[in-house]
Amino acid sequence: MILCCGEALIDMLPRETKNGEDAFAPYPGGAVFNTAIALGRLGAPSGFFCGLSADLFGDMLRDALSESKVHTGYAPVVQRPCTLAFVKLVDGQATYAFYDEGTALRMMTAADLPKLDDDTSALFFGGISLVGEPCGSAFQALAEREAGRRAIMIDPNIRTSFITDETAYRARIERMVALADIVKVSDEDLHWIMGEGETSALARAMLQKGPKIVCITEGAKGAHGVTAGGEVFVPARKVEVADTVGAGDTFNAGVLAALDGAGALTKDALADLDDRVLTDALSLGVKAAAVTVSRAGANPPWASEL
């Protein structure tokens with residue numbers, strides 16, 4: 001099972017009433033949650049770990065996970081409110097206003113970390129769950145505890161508007177990158193972490209920090225996969241874009257599902273990954289993400305839709 005560890009929240013998506021008034025509609029979301037949903041829909045064995053609220057929004061999240069065949073046994077029900085993210089779309093690009101103080105996500109601590117069964121082969125981390133405290137320290141502790149025996153993937157999915165202590169956050173990302181076997185970043189995230197420079201050179205510099213594979217997405221251009229032995233590129237599919245909510249999360253799921261299906265989602269296999277297997281993984285990520293961006297909101301495809 002691939003266990004996705006991180007935020008589940010409610011995206012309040014912009015809508016317009018019949019009277020022309022601005023409104024928001026609640027949809028289950030969160031970067032790590034979306035990846036878990038996409039994995040389940042692609043047919044990969046998927047699980048989710050984070051505290052989920054006992055409120056009506058928590059019920060929405062649990063129902064969505066179950067409907068997409070995601071295991072929720074590691075996700076405790078807690079008596080705290082759910083994180084809300086109000087979304088504004090500008091030319092199809094999403095910006096966010098988060099309401100996270102005192103929530104089921106934010107207040108999770110290392111004491112809440114689960115004991116994992118042997119069937120958990122890989123862990124995925126990322127998103128805003130690595131920003132706040134105490135939850136950020138808890139997720140880092142889980143990665144540190146498990147990195148020696150399970151494959152680790154991280155997608156920082158950086159939201160600069162959410163970062164209040166940049167020094168501490170950069171230190172956490174540095175540590176998580178060092179623990180990871182796979183790091184996925186957008187080209188913007190790569191520059192935020194590594195600074196100015198050419199994409200391939202920055203990716204290779206990131207490899208020196210510990211990961212075996214760095215995947216870089218470049219929106220409508222496509223995705224790169226960089227290893228110590230080489231680099232592959234898969235172009236994006238041309239589709240009419242509704243919005244980009246959940247695109248990167250779906251890409252992550254496609255990569256993980258393909259690697260798992262190829263029997264390559266182990267530490268040893270990822271350390272010596274064949275270019276063909278990496279190309280296939282990027283291809284499924286790009287293919288699945290193309291479906292997600294073609295429809296409103298984070299609505300990843302089922303395997304039958306590909």
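Before any of the text, the structure's been laid out above.
Computed from a predicted structure; not experimentally measured.

*Asks:* Which parts of the structure should I look at to understand the packing of aromatic side chains?
*Replies:* We describe a pair of aromatic rings using the distance from one ring centre to the other and the angle between the two ring planes. Inspection of the entire model under this criterion finds six aromatic pairs. For the ring pair phenylalanine 24 and phenylalanine 86, a centre distance of 5.0 Å and an interplane angle of 80 degrees mean the geometry is edge-to-face. Of this pair, phenylalanine 24 sits in strand 3 (residues 22-29) while phenylalanine 86 sits in strand 8 (residues 84-90); the two residues are 62 residues apart in sequence, bridging distant segments of the chain. Here phenylalanine 24 falls in the partly exposed class, since its relative accessible area comes to 43%. On the accessibility criterion, phenylalanine 86 (26% relative accessible area) is partly exposed. Ring geometry for phenylalanine 86 and tyrosine 99: centres 5.5 Å apart, planes at 80 degrees, overall edge-to-face. One end of the pair, phenylalanine 86, is in strand 8; the other, tyrosine 99, is in strand 9 (residues 93-99), and 13 residues separate them in sequence. An aromatic cluster is built from Phe24, Phe86 and Tyr99, whose rings are joined through pairwise contacts. The positively charged end of arginine 170 is found above the aromatic ring belonging to tryptophan 192, 3.6 Å away from the centroid.

*Asks:* Even after reading the chapter, I still don't get the environment of alanine 228, so can you show me in this structure?
*Replies:* Relative to the elements of secondary structure, alanine 228 occurs in the loop between strand 14 (222-227) and strand 15 (230-235). You can call alanine 228 exposed: its relative accessible area is 77%. The spacing of alanine 228 and isoleucine 213 is 15 residues in sequence and 7.9 Å in space, taken between C-alpha atoms.

*Asks:* Any chance you could explain unusual backbone geometry here in plain terms?
*Replies:* Peptide bonds are trans in most cases, and residues, glycine excluded, mostly fall at negative phi. The linkage connecting glutamate 133 with the following residue, proline 134, adopts the cis geometry, with an omega of 10 degrees. With respect to the element layout, proline 134 can be found in the loop between strand 10 (122-126) and helix 3 (135-146). Phi at lysine 69 takes a positive value of approximately 65 degrees, unusual for a residue other than glycine. Within the fold, lysine 69 resides in the loop between helix 2 (56-67) and strand 6 (70-71). A residue is classified by how much of its surface remains accessible, and lysine 69, at 62% relative accessible area, is exposed. Of note, the phi angle at asparagine 157 is positive, near 45 degrees, even though the residue is not glycine. Topologically, asparagine 157 is positioned in the loop between strand 11 (151-155) and helix 4 (166-179).

*Asks:* Which parts of the structure should I look at to understand the environment of alanine 298?
*Replies:* Position of alanine 298 relative to the elements: it lies in the segment after helix 9 (275-293). Taking the C-alpha atoms as reference points, alanine 298 and glycine 246, separated by 52 residues in sequence, lie 4.5 Å from one another. Setting aside anything within four residues of it in sequence, one finds alanine 298 in contact with Asn34, Val245 and Gly246.

*Asks:* Can you help me understand the sheet that holds strand 12 (residues 182-186) in this one?
*Replies:* Pairing between the strands of a sheet is mediated by backbone hydrogen bonds and can be parallel or antiparallel. Pairing is mixed across the open sheet formed by nine strands, whose spatial order is 6-4-1-10-11-12-13-14-15. Strands with a single pairing partner mark the edges of an open sheet, and in this sheet they are strand 6 and strand 15. Note: strand 12 against strand 13 (residues 213-217), five bridges, orientation parallel. Following the sheet pairing, valine 185 is matched in strand 13 by isoleucine 216. Sheet strands touched by helix 9: strand 13, strand 14 and strand 15. Its angle to strand 15, the strand with the most contacts, is close to 30 degrees.

*Asks:* What exactly am I supposed to notice about the pattern of salt bridges here?
*Replies:* Any two side chains of opposite charge can pair, so long as their charged atoms come close to each other. Using the criterion set out here, one finds 15 salt bridges in the structure. Between glutamate 144 and arginine 175 there is a salt bridge whose closest N-O contact spans 3.1 Å. You can see glutamate 144 sitting in helix 3 and its partner arginine 175 sitting in helix 4, a full 31 residues away along the chain. For glutamate 144, a relative accessible area of 35% gives the class partly exposed. When the shortest N-O distance is used, the salt bridge between arginine 295 and glutamate 305 registers 2.8 Å. Taken together, the residues span a long stretch of sequence, with arginine 295 in the segment after helix 9 and glutamate 305 in the segment after helix 9 at a distance of 10 residues.

Reading the values: the criteria
- Residues numbered from 1 in each chain as written.
- Predicted model: local features only at pLDDT ≥ 70, side-chain atom pairs only at ≥ 80, totals over all residues.
- Heavy atoms only, no water.
- Phe/Tyr/Trp six-rings, centres within 6.5 Å; stacked < 30°, edge-to-face > 60°.
- Helix = DSSP H or I, 4+ residues; strand = E, 2+ residues; numbered from the N terminus.
- Buried < 20%, exposed > 50% of the residue type's maximum accessible area, 1.4 Å probe, protein only.
- Lys NZ or Arg CZ within 6 Å of the ring centre and 35° of its normal.
- Contact = heavy atoms within 4.5 Å.
- Pairing = 2+ DSSP bridges.
- Axes fitted to C-alpha atoms, helices over the stretch in contact; angles between N-to-C directions.
- Salt bridge = Lys/Arg side-chain N within 4 Å of Asp/Glu carboxyl O.

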